[in-house]
Every structure is written in C-alpha cells, then in structure tokens.
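What follows is the residue order along each chain.
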Amino acid sequence: MSYAVHKTKSDRVADAVIYTILTIACLSTLFPLYFVFIESITPYKELIRNGGFVLFPEQVTLQAYKAIFGSKLVPDALKVSVIVTVIGTFLSLLVTTCLAYPLSKKEVPGGRVILLSIVFTMLFNGGIVPTYLVVKGMGMINTIWSLIIPTLVSPFYMFIMRTYFVNFPVEVEESARVDGCGDLRTLFQIVIPLSMPIFVTIGLFYGVIQWNSYFNAILYLSERSLYPIQVILRNMIVTSSVSQELNTNPSVIQTLPPDTIRMATVVVTTLPLLAIYPFIQKYFIKGMLVGSIKG
C-alpha cells in the first residue's frame with residue numbers, strides 16, 4: 001500500500017530554502033575547482049585583457065598541459081604518487097584490519113592494554129627528529145618506503161574500523177566457524193566481503209592521505225626522481241621560476257604565465273581523486289550487510 005505525502009505551504013517553503021542553501025554551498029565548493037581549470041586552459045592574452053579573471057573563455061589552449069607533460073619530471077612524479085598511493089593504501093588497510101579485528105573481540109588477552117597504548121600514541125608522539133632517526137636507522141632514506149611505513153596505520157581509522165567490527169553480527173561468524181572456518185578464513189572470506197563499505201571508506205581516507213602527502217617526501221627524499229607530484233606542486237608554488245622547477249627549456253613556456261602552469265599542475269594533481277570517487281560512491285550510501293542474516 002502506498003501513501004501520498006501532501007506538503008503544506010510552509011513545508012514547500014522550507015524545502016525551497018534548504019535546497020537553495022545546499023545549492024549555494026555546492027556552487028561555493030565547485031567554483032574554486034572550476035576557476036583553477038578555466039585559468040589553466042585560457043590564453044595568457046585573454047587573462048591579461050580580463051584582469052586575470054575569466055568565467056567563460058573565448059579561446060581554449062592546452063599549452064600549459066603540454067609544458068608540464070613535456071617535462072620528464074611531472075610524469076615521473078605522477079608514477080611515484082600512484083605507486084605510493086596504491087601500495088600504501090593496500091598495506092594500511094591490511095595492517096589496520098589485522099589490528100582492529102582482534103581488538104574487537106573481548107576474549108583477546110591484553111587487548112585493553114594494547115588499546116590504551118594506541119590511544120597514548122594519539123596524544124603523544126616522539127616528534128620529527130626521533131622519527132627521522134628511526135627512518136634513517138631502518139635504511140629507508142631516499143626510498144618510497146619512507147613515504148609509506150611511517151604513516152602506515154592511523155589510530156583514529158583503526159578505532160573506526162574496530163567499532164564496525166564490534167557491531168558486526170556474531171551470528172555470521174558463528175555460522176562460519178560451524179562450517180569449519182578458522183579465524184583468518186573467517187576474516188578474509190566472510191567478514192571483509194561483508195564489510196566493503198567500511199573498507200572502501202577507510203581506504204579512500206588512506207588513499208587521500210597518501211596522495212596528498214608531501215612533508216615526509218621533503219624530509220626523507222633528496223633524489224628528485226623519487227619526488228611525488230605534491231612535492232613538485234609545492235616547489236612550483238614556492239619557486240619563482242617554474243621553468244627551472246620543470247627542468248625544461250624556458251622558451252617552451254615563455255608565452256605562459258607561471259600561474260597558468262601552476263593551475264594546470266593543480267588540475268593534474270586533483271583529477272585522479274575526482275575520477276575515482278564516482279566509482280566508490282555507492283559504498284558510502286549502501287551497506288552490504290543488509291540481508292546477510294536471515295532467520
């Protein structure tokens with residue numbers, strides 16, 4: 001049986017106000033991205049003629065993208081960022097899962113002590129110098145592992161995943177054990193497939209952290225061939241000569257203002273995350289545990 005919902009005039013006014021506020025908030029969020037993209041494809045003369053602000057360009061040019069991809073530095077930096085993000089996200093999810101799942105069980109001996117130790121790390125840390133000495137002592141200087149291992153596990157995300165596992169239906173795990181599954185098989189073949197929403201969510205958080213990270217690269221890397229794309233973008237912002245940072249012929253980009261090349265680099269840096277998000281959006285709004293328990 002279906003019921004028709006009749007809205008009063010005040011309800012319609014309230015809906016109009018809410019939608020208006022949400023639309024303005026959405027536009028205010030998207031406009032900076034749009035402005036960056038437009039400036040990266042607008043010819044320099046048109047930018048100068050319009051005072052550096054163009055909403056709808058009359059002409060479109062891809063010279064800025066040709067300039068940054070004409071340099072070997074940017075493509076190599078993108079490869080490093082992709083490798084670090086993929087490997088780092090996978091290892092972070094693996095270690096976080098192997099830590100959160102046992103700690104979600106009350107019968108694990110010493111679980112409370114371990115949890116308190118993890119909470120302690122959220123409040124206090126050794127600092128930059130001790131961390132650098134540890135990374136150096138492990139021989140990870142000038143390797144991509146220095147970008148992955150020091151930030152492998154986030155205590156905050158571990159507690160989020162642990163809370164999810166605490167609320168995981170016990171009946172599902174008991175059914176798996178009745179069928180002869182051990183702890184590892186229960187985790188990897190039963191719990192994880194039924195917990196994809198939390199894994200995709202935490203994985204996205206880890207991926208964004210790895211992709212946007214540049215401070216560790218500045219600390220632990222001195223070889224430019226290992227720089228991720230964020231370090232290249234950071235150097236473009238703090239360096240007055242973009243052509244020197246790209247290590248390319250200045251005549252190639254002499255007709256382009258530095259800001260245009262910076263904007264194009266921002267677009268290239270942001271686009272991968274924007275392209276991936278629509279494919280994982282469904283996991284944020286639909287849980288896969290629905291219907292997993294019948295009775």
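Scroll up for the structure.
We now turn to the structure provided with this report. Within each chain, residue numbers correspond to sequence positions counted from 1 in written order. Where totals are concerned, whole chains, interfaces and linings use all residues; where local detail is concerned, this predicted model gives features only for residues with pLDDT of at least 70, and gives and counts side-chain atom pairs only at 80 or more. Heavy atoms throughout the structure, all of them, feed into the side-chain values; hydrogens and water do not.

This next bit is on the overall build of the protein chain. Counting from the N terminus, the helices are the DSSP runs of H or I reaching at least four residues and the strands are the DSSP runs of E reaching at least two. The helix and strand tally for the protein chain stands at 15 helices and zero strands. Whether a residue is buried, partly exposed or exposed follows from its accessible area with a 1.4 Å probe, protein chains only, as a fraction of its type maximum: under 20%, in between, or over 50%, in that order. A total of 295 residues make up the protein chain; the buried ones form 35% of that total. Contacts spanning at least 24 positions in sequence make up 71% of the contacts within the protein chain whose residues lie at least 6 apart. The contact criterion used is simple: two residues touch if any of their non-hydrogen atoms lie within 4.5 Å.

The next subject is a nonpolar patch on the surface. On the surface, Phe90, Leu94, Val95, Val153, Leu184 and Phe188 cluster together to form a nonpolar patch covering roughly 520 Å² of accessible area. Elements with a contribution of two residues or more to the nonpolar patch: helix H4 (73–103) and helix H9 (183–191). Of note, Val153 is situated in the loop between helix H6 (128–137) and helix H7 (155–166). Its relative accessible area of 30% is what places Val153 among the partly exposed residues. In this analysis, a patch consists of residues with relative accessible area above 30% that form no salt bridge, clustered at 9 Å for like charges and at 5 Å for the nonpolar side chains Val, Leu, Ile, Met, Phe, Trp and Tyr. In this description, accessible areas are obtained by the Shrake-Rupley approach with a 1.4 Å probe, and a residue is regarded as covered only by the protein chains that are shown. Each salt bridge in this description consists of a side-chain nitrogen of Lys or Arg and a carboxyl oxygen of Asp or Glu lying within 4 Å of one another.

Okay, the side chain of Thr96 next. Along the chain, Thr96 turns up in helix H4. If we ignore the near neighbours within four places in the chain, the residues touching Thr96 are Val153, Tyr157, Met158, Met161 and Tyr206.

We define a nonpolar core as any set of buried Ala, Val, Leu, Ile, Met, Phe, Trp, Tyr and Cys residues linked to one another through side-chain atoms lying within 4.5 Å. One finds Tyr65, Ile68, Val74, Leu78, Leu221, Ile229 and Ile232 to be the most contacted residues of the largest nonpolar core, which totals 33 residues. Looking at this core element by element, the count peaks at six residues for H4. With residues up to four places along the chain from it excluded, the contact list for Leu221 reads Asn142, Thr143, Ser146, Leu147, Asn216, Leu226, Tyr227 and Pro228. By size, the runner-up hydrophobic cluster in this structure holds 19 residues, among which are Ala100, Leu115, Met158 and Ile202.

Once that is clear, we can look at the packing of H4 against H9. Simply put, an axis is a line fit to the C-alpha atoms, just over the touching stretch for a helix, and the angle between two N-to-C directions goes from 0 to 180 degrees. Relative orientation of the contacting elements H4 and H9 amounts to 115°, with a least axis distance of 12 Å. Our pair here, H4 against H9, has a crossing hand that is right-handed. Contacts from Leu94, Thr97, Cys98 and Tyr101 of H4 reach H9 at Thr186, Leu187, Phe188 and Val191. By residue class, the composition of the contact of H4 with H9 is six nonpolar, two polar and no charged. Helix crossings are classified by the rotation of the near helix relative to the far one: an anticlockwise turn of less than a right angle makes the crossing left-handed, while a clockwise turn makes it right-handed. Polar here means any residue outside two lists: the nonpolar Ala, Val, Leu, Ile, Met, Phe, Trp, Tyr, Cys and Pro, and the charged Asp, Glu, Lys and Arg; Gly therefore counts as polar.

Once that is clear, we can look at the packing of aromatic side chains. Note on aromatic pairs: the rings of Phe, Tyr and Trp (six-membered ring only in Trp) are paired at centre separations within 6.5 Å, and the planes decide the class, stacked below 30 degrees, edge-to-face beyond 60, tilted for the rest. Within the structure shown, the criterion is met by nine aromatic pairs. Ring centres of Tyr101 and Phe165 lie 5.4 Å apart, and the angle between their planes is 90°; this geometry places the pair in the edge-to-face category. A residue pair is termed long-range when its members are at least 10 positions apart, and Tyr101 in helix H4 and Phe165 in helix H7 qualify at 64 residues. The exposure class of Phe165 is buried, given its relative accessible area of 2%. With 5.3 Å between their ring centres and 85° between their planes, Tyr157 and Tyr206 make a pair best called edge-to-face. Residue Tyr157 is located in helix H7, and its partner Tyr206 is located in helix H10 (residues 196–212); the two are separated by 49 residues in the primary sequence. As far as the burial class goes, Tyr157 and Tyr206 line up, both buried.

This paragraph deals with the environment of Met140. Positionally, Met140 belongs in the loop between H6 and H7. C-alpha of Met140 to C-alpha of Tyr220: the two residues are 80 residues apart in sequence and 8.0 Å apart in space.

Buried within H9 are the following residues: Thr186, Leu187 and Val191. Seen from one end, H9 has its buried residues packed into an arc of 95°, which puts them on one side. At its buried positions, H9 is contacted by H4, H7 and helix H8 (170–178). For this quantity, the arc is that covered by the directions from the helix axis to the C-beta atoms.

Our next topic: H10. One less than the residue count of a helix, multiplied by 1.5 Å, gives the span that helix is expected to have. Look at H10: 24 Å from first C-alpha to last across 17 residues, which is about the 24 Å you get at 1.5 Å a residue. H10 sits mainly inside the fold: twelve of its 17 residues count as buried. Pro197, Ile198, Phe199, Val200, Thr201, Ile202, Gly203, Leu204, Tyr206, Gly207, Gln210 and Trp211 are the residues of H10 that are buried.

Look at Asn142: it is not a glycine, yet its phi comes out positive at around 60°. With respect to the helices, strands and loops of the structure, Asn142 is situated in the loop between H6 and H7. Overall, Asn142 belongs to the partly exposed group, its relative accessible area being 22%.

Let us look at the environment of Ile280. Along the chain, Ile280 falls in helix H14 (residues 258–280). Ignoring sequence-local partners within four residues, the contact set of Ile280 consists of Val200 and Leu204.

Let us now look at the pattern of salt bridges. Scanning all chains against the criterion turns up three salt bridges. Here Lys72 makes a salt bridge to Asp76, at a shortest N to O gap of 2.7 Å. Given the relative accessible area of 63%, Lys72 is considered exposed. Asp76 gets classed as partly exposed once you look at its relative accessible area, which sits at 21%. A salt bridge links Arg177 to Asp183; the nearest nitrogen and oxygen atoms lie 3.3 Å apart.

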